[in-house]
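Examination of the molecular architecture
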Amino acid sequence: YHNPKVVAGCIARWEDKVLMCRRAIEPRQGLWTVPAGFMENGETTYEGAMRETLEEANARVAVDDLYVTVNLPHINQVYMLFRGRLLDLDFSPGAESLEVDLMGEQDIPWDRLAFPTVSEALKLYFADSARGSYPVHMLDIVRQGGVPPSYLVRTIS
């Protein structure tokens, strides 16, 4: 069997800001993202999101709810990003990060984000934050034959 890989990550917040990491590794070295990475065998998606946040930002986080699932059939991946709360402000770059920082919506380097999954999830997050409501979203990013990707956003109530 050839099955898709699952990426687990966290939109970790402190007040009105989210934790961002600048990548020290390929792909997309030097660009910004939220803490996320491939799940390991024997862990849950929650555990994967917490582990990735710890590994990439040395940050402890309480994972809340599943926030967005992003299907990427053209590269055989599924992203599962959770909302989470930083437990304290003791964070620093991990081995896979050049730097980490808390950023508000106006501080996000939108033109220097590593992945469209993260860009789209953060757009949804800040829009939902302004409304004070965080429904679960499902997003399909589909690429066909070199044309720009098409996006389909579904909100699950």
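Being a predicted model, the structure only gives us computed values, none of them experimental.

The rules behind the values
Residues numbered from 1 in each chain as written. Predicted model: local features only at pLDDT ≥ 70, side-chain atom pairs only at ≥ 80, totals over all residues. Heavy atoms only, no water. Helix = DSSP H or I, 4+ residues; strand = E, 2+ residues; numbered from the N terminus. Buried < 20%, exposed > 50% of the residue type's maximum accessible area, 1.4 Å probe, protein only. Polar contact = N/O pair within 3.5 Å; in protein donor to acceptor, adjacent residues only side chain to side chain. Contact = heavy atoms within 4.5 Å. Phe/Tyr/Trp six-rings, centres within 6.5 Å; stacked < 30°, edge-to-face > 60°. Lys NZ or Arg CZ within 6 Å of the ring centre and 35° of its normal. Salt bridge = Lys/Arg side-chain N within 4 Å of Asp/Glu carboxyl O.

Structural notes on unusual backbone geometry
Going from Glu26 to Pro27, the amide bond is cis rather than trans, its omega being 0°. When you line up the elements, Pro27 lands in the loop between strand S2 (17–23) and strand S3 (32–33). Unusually for a residue other than glycine, Glu15 sits at a positive phi of about 55°. Mapped onto the elements, Glu15 comes out in the loop between strand S1 (5–14) and S2. Exposure remark for Glu15: the relative accessible area of 69% places this residue in the exposed category.

A closer look at the side chain of Asp128
By the element assignment, Asp128 lies in helix H2 (residues 116–131). Judged by relative accessible area, which is 1%, Asp128 ranks as buried. Within the structure, the side chain of Asp128 is placed 2.5 Å from the side chain of Tyr67, a separation counted as a polar contact. Among all residues touching Asp128, those that are not within four sequence positions of it are Tyr67, Ser133, Tyr134, Pro135 and His137.

Digging into the packing of aromatic side chains
The tally for this structure, following the rule as stated, stands at 6 aromatic pairs. Ring pairing ties together the aromatic residues Tyr67, Trp110, Tyr125, Phe126 and Tyr134, which thus form one cluster. The ring of Phe38 is capped by Lys5, whose NZ or CZ atom sits 5.3 Å from the centre of that ring.

What to know about the pattern of salt bridges
A complete count under the given rule lists 12 salt bridges for this structure. We note a salt bridge from Glu55 to Arg51, for which the minimum N-O separation is 3.2 Å. Of this pair, Glu55 and Arg51 are both found in helix H1 (residues 45–57), 4 residues apart, which corresponds to roughly one turn of the helix. Since its relative accessible area comes to 35%, Glu55 is described here as partly exposed.

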